[in-house]
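Chain by chain, the residues:
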Amino acid sequence: MSAVWAFQHVGSLEASKHALFWRDLNKNSLAGDIPRLFLEKVLSHNLYTVLCIPHDPVALEEHFRDDDDGPVSSQGYMPYLNKYILDKVEEGAFVKENFDELCWTLTAKKNYKPDRNGNSVVSHQDAFKLWCLFNFLSEDKYPLVMVPDEVEYLLKKICTAMNVELNSCELDDYLSQELQGQGGLTVWQFLDMVNSGRFLRGIEQEAISMAVEEVYQEVIEDVLKQGYLWKKGQLRRNWSERWFTLKPSVLSYYMSEERKEKKGSIALDKHCCVEVLPDRDGKRCMFCVKTSSRTYEMSASDTRQRQEWTLAIQMAIRLQAEGKKSLHKDLKQKRREQREQREQRKAAKEEETQRLKQLQEEKERKLQELELLKEAQRQAEILLQEEEERRRQQHEEMQRTLEIQLREAEQARASMQAEMVLKEAEAERQRKRILELEDMQERLQEALQQEVKARQDEEAVRYAQARLLAEEEEKLKQLMKLKEEQEEYIIKTQLEKQVLKQEMENKNKCLEEAQKQLEEVRVNRQRVDQDVMAAQRKLRQASTNVKHWNVQMNRLMHPIGPGDKRTNVSGGGFAGYQPLLSQRDSSLKLLKQKAEDKGSNPTRVNSKENVSNGGNSSVPPSPDADTMATEPTN
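Residues numbered from 1 in each chain as written. Predicted model: local features only at pLDDT ≥ 70, side-chain atom pairs only at ≥ 80, totals over all residues. Heavy atoms only, no water.

Asks: Just to check I follow, could you spell out the overall build of the protein chain for this structure?
Replies: Counting secondary structure elements, the protein chain contains 20 helices and seven strands. When burial is assessed residue by residue, the protein chain has 37% of its 634 residues classed as buried. Restricting the contact set of the protein chain to residue pairs at least 6 apart, pairs at least 24 apart contribute 62%. For the protein chain, the accessible surface area stands at approximately 39500 Å², while carbon and sulfur atoms represent 49% of it. (Helix = DSSP H or I, 4+ residues; strand = E, 2+ residues; numbered from the N terminus. Buried < 20%, exposed > 50% of the residue type's maximum accessible area, 1.4 Å probe, protein only. Contact = heavy atoms within 4.5 Å. Areas by Shrake-Rupley, 256 points an atom, 1.4 Å probe, with all protein chains shown as cover.)

Following this line, the structure appears as structure tokens:
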């Protein structure tokens, strides 16, 4: 496992690859055909060469001498591999594809078993690319397996590249049969599944090879997009068709799609940007890539290709800005995190189910205990009922009396609540009337404040009444408590009869005192009712004041003929009403016409007489229908 950790520490080297070719190396040595030290020496030489590690061939021969002095003979090959090879590997100093080919060469000979008749679905080279894809998408732990989600993801990408739909149900059935408790498929199981043609039946090998190549370039080589584009030259300013390959850090272009002759590259960073250009110079679907040093103009075959290229280049620039080197590594990490979250939610759900099961068992056990307690309580009640029956008859009369008193109290409270509802409805009507009067004139604020104050007094009285009701309930609770205590004293034996009589007398005295207190509470409640009546009288007085102000307003309205000139009302005490009258001209005209029709109205004469007497508010006007409606019926 130290070698596995070392391969993970390198970064680009997968621990799975080392485990695979090291296992095959042990198989070859155990076969007895080739000496073990020779195989280890050849393997070390190849690793030095592929990983670009400087080494001395003479020193290598010394390390693998067939005696007990060399490091391999004395310590074993794994410590030698860690110390002399893996610790000297530098990131980016070797070609990863060469290392993949070396691992594939060591592992495929013994493990990869294509069809001997040549009827394999994929070629040997395509199998190598699938092996690389498997290593990229597999889990970072030994033994190396690919989880079912990643298998489905890879097969879907291959089928999408061929414009074929994958049968997910058939794949799920196959994986459920093959796994049977395993964490996923091994690379050889995966290759056997692909070669079986179960999911790629009826597709030519050439189409499968092209699809595998496309997915390999996208996932392993980080090719975000590739295809032909027209590029404008920098010096000659002519247009040339080039094969472009987009990676997260660079946009390269070649003479043809074989990518043998590279013509140049465009380095991408977070400061680059891509823009759409209008058609010109006989070219359409143009766009440009702006870098810090130069602007590259290109033309796509159609609008869809231009949109795909611009979106892909913007994605590459975003990856550079976020400091990410590979899109699919980031996507793989996100899928792994999602799987881990699903596993955590599943484990939490199972734990919750187990906990609920334990709680259910605990509940059933407690219910059984409760049944036993109920049974014991029933037995005790049977014994007590015979003893209590005789004493209960003596106190039935007293209990009936208390129940009658309680019913009377409940009826009184219900009547009080009904009266409160009526008062609240009356208060609501008064509020609506006050709101209408507020829209007509501002000088009625004093009368409205009086009404608000009266309403507040009513709320205070209501609060006091509620408090008295609470006190009454508390007294009733005390009566019930005294009753319970009296019953407890009654349950005593005949030997304590004299003491019980004395205590009952004391309790009766307390009960009488409580009844006196209850009478006092009732007297207080009557006093509160009187306060409520006083608050209602205040409300009626406020309503009377409002009507008096209306009478004074009517005094200011003089009838004007159709051709007469409207005169302004001027006077010492009523000049404040002029803005209100000027704002409501239409209402005044209607009122004037009514005044002409009803010039002999006695109510108007009385109101004028009141105003002529100095506007004395102490002389109330004659009651009308609205005033009578505000008085509650007792």
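So much for the structure itself; the text now carries on.
Asks: How should I be thinking about the packing of helix α14 (residues 327-440) against helix α16 (residues 497-555) in this particular structure?
Replies: Between two packed helices, what matters for the description is the angle formed by their axes and the separation of those axes. Between α14 and α16, whose axes approach to 12 Å, the crossing angle comes to 15°. Classified by the angle their axes make, α14 and α16 are roughly parallel. The chirality of how α14 crosses α16 is left-handed. Along its contact with α14, which presents H395, M398, Q405, E408, A412, M416, K423, Q430, R433 and L437, the element α16 presents M504, N508, Q515, R522, R525, V532, Q536, S543, V546 and N550. Partitioning the contact of α14 with α16 into residue classes produces seven nonpolar, eight polar and five charged. (Axes fitted to C-alpha atoms, helices over the stretch in contact; angles between N-to-C directions. Parallel < 35°, antiparallel > 145°, perpendicular 65-115°, else oblique. Left-handed = near helix turned anticlockwise from the far one by under 90°. Nonpolar A, V, L, I, M, F, W, Y, C, P; charged D, E, K, R; others polar.)

Asks: Honestly, the sheet that holds strand β3 (residues 250-254) in this entry has me stumped. Any pointers?
Replies: Hydrogen bonding along the main chain pairs the strands of a sheet, whether they run parallel or antiparallel. Read across the open sheet, the seven strands follow the order β4-β3-β2-β1-β7-β6-β5; overall the sheet is antiparallel. Looking along the sheet, the strands with just one partner apiece sit at the ends: β4 (262-267) and β5 (273-277). Strand after strand, the sheet turns through a mean of 35° between neighbouring axes, direction not considered. Direction of pairing for strand β1 (residues 225-232) relative to strand β2 (residues 239-246): antiparallel, over a ladder of eight bridges. Across the sheet, the residue bridging to L229 is R242, located in β2. (Pairing = 2+ DSSP bridges.)

Asks: Explain the confidence of the model for the protein chain to me, please; I cannot follow it from the model alone.
Replies: Scored by pLDDT, the protein chain comes out at a mean of 77, with 78% of its residues at no less than 70. Counting contacts from residues 567-584, a segment whose pLDDT is below 50, to residues more than four positions away or on other chains yields 22 contacts. Low pLDDT, under 50, characterises residues 600-634; the stretch is placed with 28 contacts to residues that sit more than four places away or in other chains. (pLDDT = per-residue confidence, 0-100.)

Asks: Help me understand the environment of E503, please; the structure alone is not making it clear to me.
Replies: Of note, E503 is situated in helix α16. Between the C-alpha atom of E503 and that of I490, which follows or precedes it by 13 residues, the distance is 9.7 Å. Among residues more than four places away in sequence, those in contact with E503 are Y489 and K492.

Asks: Any chance you could explain the packing of aromatic side chains here in plain terms?
Replies: Counted under the stated rule, the structure contains nine aromatic pairs. Ring geometry for F244 against Y253: centres 5.3 Å apart, planes inclined by 35°, an arrangement best described as tilted. Both rings, one in F244 and one in W309, keep their centres 6.4 Å apart while their planes meet at 75°; by these two values the pair is edge-to-face. Of the two residues, F244 is situated in strand β2 and W309 in helix α13 (residues 303-321); the sequence distance between them amounts to 65 residues. Accessibility expressed as a relative area gives 0% for F244, which makes it buried. (Phe/Tyr/Trp six-rings, centres within 6.5 Å; stacked < 30°, edge-to-face > 60°.)

Asks: I'm lost on the pattern of salt bridges in this one. Help?
Replies: For side chains bearing opposite charge, pairing can occur when the charged atoms are close. By the definition in use, this model includes 39 salt bridges. Between K334 and D330 there is a salt bridge, and its shortest N-O distance comes to 3.5 Å. Here K334 and its partner D330 are both found in helix α14, four residues apart, which amounts to about one turn of the helix. With relative accessibility at 41%, the residue K334 sits in the partly exposed group. Within the structure, one salt-bridge network assembled from shared partners comprises R318, E322, K324, D330 and K334. (Salt bridge = Lys/Arg side-chain N within 4 Å of Asp/Glu carboxyl O.)

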